[in-house]
Amino acid sequence: MEYTKDLILKVCYDEPATIRCFKPKNRTNRFSQKIKRHKIVTAGIVAACAFILIDGILLMNFIQILEML
């Protein structure tokens, strides 16, 4: 049971002094590394989001023009 708690909480033990130390979580570092590794996929996702935003703005403008008629 102690072993599974250590695995879940990612606790490691210092060998000489048997002091608990927690491994740091680098979530932002991992995220930035994935973005750097997959530049084409990231650029595609950003471009798709930009096009969706532009399309939404154009549709709202078109509906406003139709309402004025």
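Residues numbered from 1 in each chain as written. Predicted model: local features only at pLDDT ≥ 70, side-chain atom pairs only at ≥ 80, totals over all residues. Heavy atoms only, no water.

Draft legend 1. Representation of the overall build of the chain within the structure. Regarding its fold elements, the chain presents 3 helices and 2 strands. The 69 residues of the chain split such that 3% are buried. (Helix = DSSP H or I, 4+ residues; strand = E, 2+ residues; numbered from the N terminus. Buried < 20%, exposed > 50% of the residue type's maximum accessible area, 1.4 Å probe, protein only.)

Draft legend 2. A nonpolar patch on the surface, seen in detail. On the surface, Phe62, Ile63, Leu66 and Leu69 cluster together into a nonpolar patch covering about 460 Å² of accessible area. By the secondary structure assignment, Phe62 is in helix H3 (residues 39-68). (Patch = residues over 30% accessible without salt bridge, like charges linked within 9 Å, V, L, I, M, F, W, Y side chains within 5 Å. Areas by Shrake-Rupley, 256 points an atom, 1.4 Å probe, with all protein chains shown as cover. Salt bridge = Lys/Arg side-chain N within 4 Å of Asp/Glu carboxyl O.)

Draft legend 3. Up close: the confidence of the model for the chain. Averaged over the chain, the pLDDT score is 81; the fraction of residues at 70 or greater is 61%. Across the chain, the element-wise mean pLDDT spans from 60 in strand S2 (residues 20-22) up to 96 in H3. (pLDDT = per-residue confidence, 0-100.)

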